[in-house]
Every structure is written in structure tokens, then in C-alpha cells.
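# Observations on chain architecture
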There are 2 protein chains.
Amino acid sequence: MATKKVISESGVGERAQHFLKVLIERYIRDGQPVGSRTLAKDAGMDLSPATIRNVMCDLEDLGLVASPHTSAGRIPTVTGFRMFIDSLLTVQRLQAGEIERIRTELAYPGDAGNLLTSASQLLSGVTHMAGVVTVPRRERTAFRQIEFLPLSENRVLAILVTNDGEVANRILNTHRDFTRLELDQAANFLNHSFSGLEMGKVRSRVLEELNAARESFDQTMAQALEMAGEVVDASAPREDCLIAGQTNLMEFEDLASLQQLRKLFDAFAEKREILHLLDQFHNADGVQIFIGEESGFQMLNGCSIVTAPYQVDEDVVGMLAVIGPTRMEYERVIPIVDVTAKILGAALKNR
Amino acid sequence: MATKKVISESGVGERAQHFLKVLIERYIRDGQPVGSRTLAKDAGMDLSPATIRNVMCDLEDLGLVASPHTSAGRIPTVTGFRMFIDSLLTVQRLQAGEIERIRTELAYPGDAGNLLTSASQLLSGVTHMAGVVTVPRRERTAFRQIEFLPLSENRVLAILVTNDGEVANRILNTHRDFTRLELDQAANFLNHSFSGLEMGKVRSRVLEELNAARESFDQTMAQALEMAGEVVDASAPREDCLIAGQTNLMEFEDLASLQQLRKLFDAFAEKREILHLLDQFHNADGVQIFIGEESGFQMLNGCSIVTAPYQVDEDVVGMLAVIGPTRMEYERVIPIVDVTAKILGAALKNR
DNA sequence: TTTGGCACTCGATATAAAAGAGTGCTAACA
DNA sequence: TGTTAGCACTCTTTTATATCGAGTGCCAAA
């Protein structure tokens with residue numbers, strides 16, 4: 001069966017694939033339709049433009065490239081890009097210097113929030129596109145310690161520490177005044193009951209016990225649980241994402257139709273949709289790429305997202321992403337996102 | 001001296017001022033150079049275009065209007081706008097409905113941060129421009145209470161509560177382990193020494209006492225003070241501003257040169273300059289307006305800022321602003337900012 | 001002081017022509 | 001059978017040119 005023209009599953013000859021690759025690389029560089037003459041030179045196979053034209057015809061029939069009008073060259077379609085990304089891409093190795101840069105920028109100690117902000121800024125700085133980091137969800141974290149401090153009459157400060165070192169606090173207006181001793185006792189009880197428990201479970205357990213306490217008319221207990229409930233809620237899934245360098249996207253005339261750009265920026269301000277989108281890739285491991293049009297979200301037309309999860313102790317805790325025009329240098333961006341994810345994970349671990 | 005042509009200090013006749021006013025109002029509506037014919041109709045004084053032209057010549061000589069080219073009408077200059085704003089503007093009264101809207105949107109209870117966010121969103125929503133709210137500075141707030149909680153070996157959680165109810169916390173890695181009792185004693189001492197003191201002073205006093213403690217080799221005291229210093233720094237002037245509706249500005253083709261817009265958005269992301277700018281008006285009371293070019297900040301070319309301080313108990317605690325194109329409907333925006341400032345102040349008071 | 005008249009300027013719009021890039025197809029070639 | 005040269009054709013881009021129209025500035029008359 002070994003004919004000269006090897007056909008891959010997709011029905012595209014090996015040579016045609018090579019041309020597609022070269023065409024897309026060229027298109028990524030210049031952003032303009034690529035003609036047969038240009039391609040003939042770039043491909044380096046010493047073929048005439050006419051030959052190329054024949055192949056282009058095939059590629060067009062397969063929906064991998066398209067021409068904006070009769071006398072322009074070809075530009076890749078979304079499916080063309082998809083094939084390029086999935087099987088044609090040759091990822092560069094990151095230069096040692098760049099790895100070092102990432103490492104040092106994420107090396108300085110600071111609290112977790114700070115670190116994540118740095119990471120998104122770093123991504124946007126290195127790639128000249130928008131950098132996104134989603135913040136670990138609260139759901140996964142565990143209860144470590146709760147404390148109550150009397151502030152003034154009828155006002156108590158509740159402090160909740162989770163095992164990832166985050167601290168949530170809330171000022172509670174209580175029905176009656178509590179002594180310091182009472183508060184300490186309540187805290188002791190709660191710490192004893194919930195320590196180490198995953199926050200989601202804490203929430204449900206608090207509710208259960210609250211009902212139990214009410215039935216048995218244990219006022220003190222009920223109040224303690226009520227207060228705990230409030231602060232647990234305050235520390236609730238405040239999942240969020242940090243976006244840096246949005247304005248970099250204004251430089252790409254690919255997206256420059258203000259219309260388009262505005263939709264994108266609105267999405268950034270809102271964040272919800274972006275977050276939802278990235279969550280879909282939460283379970284993949286390693287770098288994933290997807291193209292705006294594939295997502296169904298209109299605001300991402302013309303864009304691509306390069307994303308990777310980052311892990312602490314084998315657990316995926318959040319996502320990292322770069323958003324830019326579909327016409328981006330994937331072979332440079334992919335390793336950047338990849339390495340940053342790893343370094344970020346490590347940095348979070350020895351925090 | 002009562003001649004027919006009354007000359008104001010600026011050397012502009014009363015009638016000329018009236019024309020300037022009408023011209024600017026028209027320019028604000030249409031965004032296009034206003035010609036003599038149009039102006040003749042709008043002015044409602046039954047004068048011929050030729051007469052208007054003469055007046056326009058005078059206004060041009062005074063630098064209040066300019067023409068983009070020979071055969072276009074006139075557009076206001078920055079100084080023209082300045083005069084318009086300072087003395088020609090007739091501010092509309094806000095409709096009862098709009099006041100109600102503002103009141104209800106700021107009525108629902110929530111923490112202070114929430115309220116401020118709502119305010120900026122409200123401003124941007126009502127004006128279709130960008131809304132800004134600066135958050136009260138920490139400097140002005142006073143120390144109320146500090147507490148230390150042992151977390152694990154060599155890790156202590158320090159919590160600082162200020163009299164405005166804000167809570168700052170920081171996890172400290174200590175050189176040695178502290179018992180709960182030691183920590184309580186340290187907290188007691190600090191609370192006793194600093195309670196009620198303004199934060200700026202707390203910072204300096206901590207340093208003084210730290211030196212004293214070191215000289216007298218009072219290790220325990222020194223450590224307590226060191227820890228206090230860290231958390232005080234953590235709660236340092238985290239002055240900040242909340243910006244909403246930036247993307248609204250993309251709709252105005254006045255600013256649409258992507259160059260311009262990008263600079264503006266970068267400034268929004270950075271925030272520092274905006275904050276610094278608004279701080280200059282911190283002491284003014286009532287609505288202030290200024291025009292981008294006057295600020296010297298390049299990114300504000302083509303923009304104006306309508307700003308007002310908001311007060312709690314007679315004290316100015318922050319600023320509120322709307323940023324939009326210089327060609328904005330001041331007579332509508334001014335009362336909105338004004339009223340919002342008052343309502344926000346009130347809402348913060350009964351928080 | 002106001003007005004009509006008039007020449008003039010300059011951007012905006014329209015039209016046409018030419019240039020350039022690239023294609024598709026056909027026929028010849030190895 | 002794959003490859004190539006040639007050629008007509010299509011569309012965009014550029015350039016040149018004419019025309020229109022809005023609006024000005026100035027002058028002379030009311």
C-alpha cells in the first residue's frame with residue numbers, strides 16, 4: 001500500500017500538509033493572503049507556482065484555506081488552523097534565558113494573590129498579548145481554623161483561615177454581647193469539629209448542626225454555628241480570574257474592528273464567561289489551544305486561547321492562559337504557557 | 001460706562017459669549033464644526049450669517065474657537081470649553097426619576113467595597129461613559145485593635161482592625177515559636193499603646209519603640225513590635241480606585257484613534273496616574289470639571305473629567321468621577337455626579 | 001452695525017484609467 | 001501522471017482628474 005502519495009486519515013496528502021504548514025507560518029508572520037509564487041519560494045521544494053496552485057485548489061476544496069477574493073492569495077480557515085495546531089506545529093524549545101526570566105519573576109516571595117498577578121502580567125509581558133490566570137477555587141480548600149474577636153458591643157470579627165493560607169474575615173453584628181471567653185469556647189468547638197474538612201462539607205455540616213442545635217435549644221451553640229456560617233459564606237467560591245495586558249490586543253489590526261474589540265473587552269470586564277470557558281479545560285493536562293470561532297462565543301472571533309492548567313501537589317488548582325489573535329506565533333507561545341504553568345505550580349508549593 | 005456692548009473681564013462681549021455658548025452646545029450635539037449659517041439659525045436672534053462670521057472672527061482671535069481648515073465651520077478650543085464650563089453652562093436639574101434610580105441602586109446594604117463598586121458602575125451606566133470612584137485612603141484611618149493567632153509552628157496570623165471597620169491580615173513567619181499567652185500579651189500591649197491613633201502615627205511610633213526596645217534588649221517587646229510593623233505595612237495606603245465602563249469610551253469616535261484609546265486604557269489599568277490626578281481635587285468641594293489637555297497627561301487628550309468629592313460626616317473621604325470625551329453633555333453629567341456623591345456619602349454613613 | 005454679494009479655499013465625492021497581484025485553465029512536456 | 005509555461009480573466013489598489021459643496025473673508029452698500 002506504500003504509494004508515493006501518502007494519504008492521512010483526513011484525506012490530505014503529506015505534501016499538501018507541508019504546504020499548508022508553510023502557508024500558515026507565512027500567514028502568521030505577515031497577516032496577508034499568501035500567493036502561489038510566495039509559497040513556492042517558501043516551501044523550498046523547487047516547484048513552480050502552477051504546481052502549488054493545483055495543491056491549493058485541493059486544500060480549498062477540503063476547506064482548509066480560502067481566498068478573500070479571486071485575485072488574492074489564500075488564507076487559512078479555522079479548520080486549517082485546527083489541523084495546523086493539532087498535527088503540523090513544530091514547537092520551539094524555550095531559550096534558557098527566557099526560562100530564567102520566568103523563574104526569577106515568579107521567584108520572589110509574596111502572598112499567593114501577588115504571585116498569580118505576577119504570573120498573568122508575566123504572560124502578557126512576554127507574549128505581548130493578554131495574560132489570564134484563574135484563581136484556585138475555594139471549594140477545594142479545607143478548613144483550618146476559625147477565631148472570633150470581640151470588636152465593640154454587639155460586633156464580632158470572625159476570621160477564617162484555610163489550609164492554603166488564605167484568610168477570610170467578616171464583621172458580624174450579633175444579637176447580644178459575647179464575652180471573650182464565650183467566643184473562645186465557640187471557636188474551640190468549631191475548630192475541633194471542622195478542622196481539616198473540605199470547605200464544601202463544612203458548609204453543609206454547619207447547616208446540619210445548626211438545625212440540631214436549634215432543636216435542642218442550645219442557644220450558644222446555635223449562635224456559634226450561625227456566625228461560622230456567615231464567615232464560611234463570605235469566603236465562598238470567590239473564584240476569579242486575573243487578566244493583564246488587555247490593551248496589547250489593540251495593536252493587532254486583525255481584531256481592530258472596534259466592534260469586535262469592544263465585545264472582547266466587555267467580556268474581560270465581566271470575566272464570568274472567560275472563567276466558564278477556561279473551566280471546560282480544567283481536566284486536560286498540558287497545553288490546550290482553541291480557536292475563538294470554535295467556542296461559540298462571538299466575542300472571541302479572530303482570537304485564539306492557549307491554555308494550561310497549573311498544579312500543586314498533583315492537583316490542578318487553576319488555569320493559565322494567553323489570549324491573542326488566531327494569527328499568533330503558537331510555537332513560541334505554547335512553551336511559554338507550558339513552562340510558566342510548571343514554574344507557577346512549583347512556586348505555589350513552596351510558598 | 002454702560003455702553004451697549006458689555007465687556008466682561010475676559011474681553012468677550014456678552015453677545016459673543018452667547019454665540020460661543022450656542023456654538024458649543026451645537027458642537028456637543030453633533031460633533032462637527034459649526035458653520036455660520038447653522039449658528040445663525042440656532043442662536044435665535046435673527047441675524048444674518050455674515051454678522052455671525054464677524055463675531056466668529058473675534059472669537060477666533062481670542063483663541064476660543066478654531067477652524068480645522070478654511071472651509072469648515074468652527075470648533076471650540078480648550079479655552080473655549082473652559083469658558084463655557086466656567087461661566088456659560090446652564091445646568092439642568094436632575095429628573096426625579098433619575099434621582100430615585102441612583103438612590104435605589106445605592107440603597108441596598110452591603111459592605112463598603114460593594115457600595116463603591118456599585119457607585120462606579122452606576123455612574124458609567126447612567127452617563128454611558130467611564131465611572132471612577134476612589135477608595136478612601138488608609139492614612140486617615142485609625143488603629144483600633146490588633147490580634148495574633150498562632151497558626152502552626154513559627155507561623156502567626158496577625159490581624160489589624162481599623163476604626164472604619166476594615167480588616168487587614170498577614171501571615172508572619174517568626175523566628176521562634178510563640179505561646180498563645182505571649183501573643184495575647186503582645187497584642188494587649190500594642191492595643192493599649194496604639195488604640196485610637198491615626199495609622200500614619202502608628203507606623204512612626206512602632207519604629208521609635210522598636211529602637212527603644214532593641215536598645216534595652218527587650219527581645220519579646222521587639223518581636224511584638226516587629227510583627228506589628230509588618231501588618232501595619234500590609235494595611236498600608238492601599239489607596240485604590242474602581243473604574244467601570246471603560247469600554248463605553250470606545251463608542252466615541254472623538255477618541256477613536258486606537259493610539260489615543262490605548263493610552264487611556266493603559267492608564268486605567270495602571271490606575272496610579274488617575275488616582276494622583278483626582279487627588280489634586282480632593283479639597284475642592286462640589287463638582288469640578290477639567291479638560292484633558294489642561295492636565296498635561298497626554299492620555300487624556302480629548303477627554304474631560306467631571307469629579308466631585310464625597311463626604312462622610314463632613315469629612316471628604318474619596319472622589320467620584322466620570323471620564324468621557326470633552327464633547328460631553330456637561331449639563332446632564334454634572335448633576336448626576338453631584339447627586340451621586342451626596343447619596344453615596346449618606347449611604348456610607350448609615351453603613 | 002448689519003447685510004448681501006462674490007471670489008476663493010479646501011475637503012469630500014465621483015469617475016476613470018492604469019497597475020499589480022494572483023487565479024484557473026489548457027496544452028505541452030518529461 | 002505529475003509538472004510546468006502561457007495566457008486570459010478577475011479584483012483590488014493606486015493614481016489622476018474633475019466636480020461639488022460648505023464655508024470663509026472681505027468689501028461695499030444699507
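Below, the structure is looked at part by part. (Residues numbered from 1 in each chain as written. Chains lettered and ligands numbered in written order. Predicted model: local features only at pLDDT ≥ 70, side-chain atom pairs only at ≥ 80, totals over all residues.)

### Considerations on the overall build of chain A
The helix and strand inventory of chain A stands at 13 helices and ten strands. In terms of C-alpha radius of gyration, chain A reaches 27 Å, well past the compact-globule figure of 20 Å for 351 residues. In terms of principal-axis extent, the alpha carbons of chain A reach across some 90 × 45 × 40 Å. With 351 residues in all, chain A has 38% of them scored as buried. (Helix = DSSP H or I, 4+ residues; strand = E, 2+ residues; numbered from the N terminus. Rg over C-alpha atoms; globule rule 2.2 N^0.38 Å. Buried ≥ 20, exposed ≤ 12 C-beta atoms within 10 Å, placed from the backbone.)

### Points about the sheet that holds strand S3 (residues 130–134) of chain A
All names here are of chain A. Taken in spatial order, the five strands make up an open sheet running S7-S3-S10-S9-S8, and their pairing is antiparallel. If you trace the sheet from one side to the other, it starts and ends with strand S7 (241–244) and strand S8 (288–291), each paired once. Direction aside, the axes of adjacent strands within the sheet are offset by 20° on average. Note that strand S9 (residues 303–312) and strand S10 (residues 315–325) share ten bridges and pair antiparallel. Counted as the bridge partner of Val312 is Asp315 from S10. (Pairing = 2+ DSSP bridges. Axes fitted to C-alpha atoms, helices over the stretch in contact; angles between N-to-C directions.)

### A closer look at the sheet that holds strand S5 (residues 155–162) of chain A
Residue and element names in this part refer to chain A. One open sheet holds the three strands; their spatial order is S4-S5-S6, and the pairing between them is antiparallel. The open sheet terminates on both sides in strands that have one partner only, identified here as strand S4 (143–152) and strand S6 (167–173). Strand-to-strand twist across the sheet, computed as the mean angle between neighbouring axes with direction ignored, equals 20°. When S4 meets S5, the two strands line up antiparallel, connected through eight bridges. Of the residues in S5, the one forming a bridge with Pro150 is Val156. Contacting S4 and S5, helix H7 (residues 180–194) crosses the sheet at an angle of about 165° to S4. (Contact = placed C-beta atoms within 7 Å.)

### A closer look at the nonpolar core
In terms of nonpolar packing, the biggest core is built from 100 residues, with Val306, Leu320 and Val337 of chain A together with Val306, Leu320 and Val337 of chain B touching the most fellow members. Val306 of chain A has contacts with Val287, Ile289, Ala321, Val322, Tyr330, Val333, Ile334 and Val337 of chain A, leaving out every residue within four places of it along the chain. (Core = buried A, V, L, I, M, F, W, Y, C linked by C-beta atoms within 7 Å.)

### Some details on the interface of chain B and chain A
With 20 residues of chain B in contact, the opposing surface of chain A contributes 20 residues. Put simply, the parts of the chain that give the side of chain B that touches chain A at least two residues each are strand S4 (143–152), strand S5 (155–162), strand S6 (167–173) and helix H10 (258–270) of chain B. Of all the elements, H10 of chain B adds the most residues to the side of chain B that touches chain A, at six residues.

### With respect to the packing of helix H2 (residues 36–43) of chain A against helix H3 (residues 49–61) of chain A
Residue and element names in this part refer to chain A. Put simply, H2 and H3 touch, their axes get as near as 8 Å, and they point 105° apart. As the angle between them shows, H2 and H3 are arranged roughly perpendicular. Packed against H2, whose contacting residues are Ser36, Arg37, Leu39 and Ala40, the element H3 presents Pro49, Ile52, Arg53 and Met56 at the interface. (Parallel < 35°, antiparallel > 145°, perpendicular 65-115°, else oblique.)

### Brief notes about the relation of the copies chain B and chain A
Once turned by 180° and shifted 0.3 Å along the axis, chain B lies on chain A with an RMSD of 0.6 Å. Between the two chains, the operation in question is that of a two-fold axis. Of the residues that chain B buries at the interface, 100% are likewise interface residues in chain A, meaning the two copies contact each other through the same surface. (Least-squares fit on C-alpha atoms with pLDDT ≥ 70 in both.)

### A short note on the protein's contact with DNA strand D
Inspection of the region around DNA strand D gives 22 residues, with Thr51 and Ser71 of chain A together with Gly35, Ser36 and Ser71 of chain B positioned closest. Residue assignment for the surface near DNA strand D shows that the elements contributing at least two residues are H3 of chain A together with helix H2 (36–43) and helix H3 (49–61) of chain B. In terms of residues, the surface near DNA strand D owes the most to one element, H3 of chain B, which gives four residues. Taken together, the residues of the surface near DNA strand D break down into six nonpolar, 13 polar and three charged. (Near = placed C-beta within 6 Å. Nonpolar A, V, L, I, M, F, W, Y, C, P; charged D, E, K, R; others polar.)

### Here's the deal with the protein's contact with DNA strand C
The environment of DNA strand C is made up of 22 residues, and the closest members are Gly35, Ser36 and Ser71 of chain A together with Thr70 and Ser71 of chain B. Looking at the surface near DNA strand C, the elements that each hand over two or more residues are H2 and H3 of chain A together with H3 of chain B. The greatest single-element share of the surface near DNA strand C, amounting to four residues, is contributed by H3 of chain A. Its residues assigned to classes, the surface near DNA strand C comprises six nonpolar, 13 polar and three charged.

### What about helix H7 (residues 180–194) of chain B?
All names here are of chain B. Here H7 is 15 residues long and its end C-alpha atoms lie 21 Å apart, about the 21 Å a rise of 1.5 Å per residue gives. For H7, the complete set of buried residues consists of Leu183, Ala186, Ala187, Leu190 and Phe194. Projected onto a plane normal to the axis of H7, the buried residues spread over an arc of 100° and lie on a single side. The exposed residues of H7 that point more than 90 degrees off its buried face are Leu181 and His192. In this structure, the buried side of H7 is in contact with S4, S5, helix H8 (199–215) and helix H9 (219–234). (Expected span 1.5 Å × (residues − 1). Arc of directions from axis to C-beta.)

### What about the packing of H7 of chain A against helix H9 (residues 219–234) of chain A?
All names here are of chain A. Close contact between H7 and H9 brings their axes to 10 Å; oriented N to C, the two are set at 70°. If you check the angle between H7 and H9, you find them roughly perpendicular. Like other packed secondary-structure pairs, H7 and H9 cross with a definite hand, here right-handed. Contacts from Glu182, Ala186, Phe189 and Leu190 in H7 reach Thr220, Ala224 and Ala228 in H9. (Left-handed = near helix turned anticlockwise from the far one by under 90°.)

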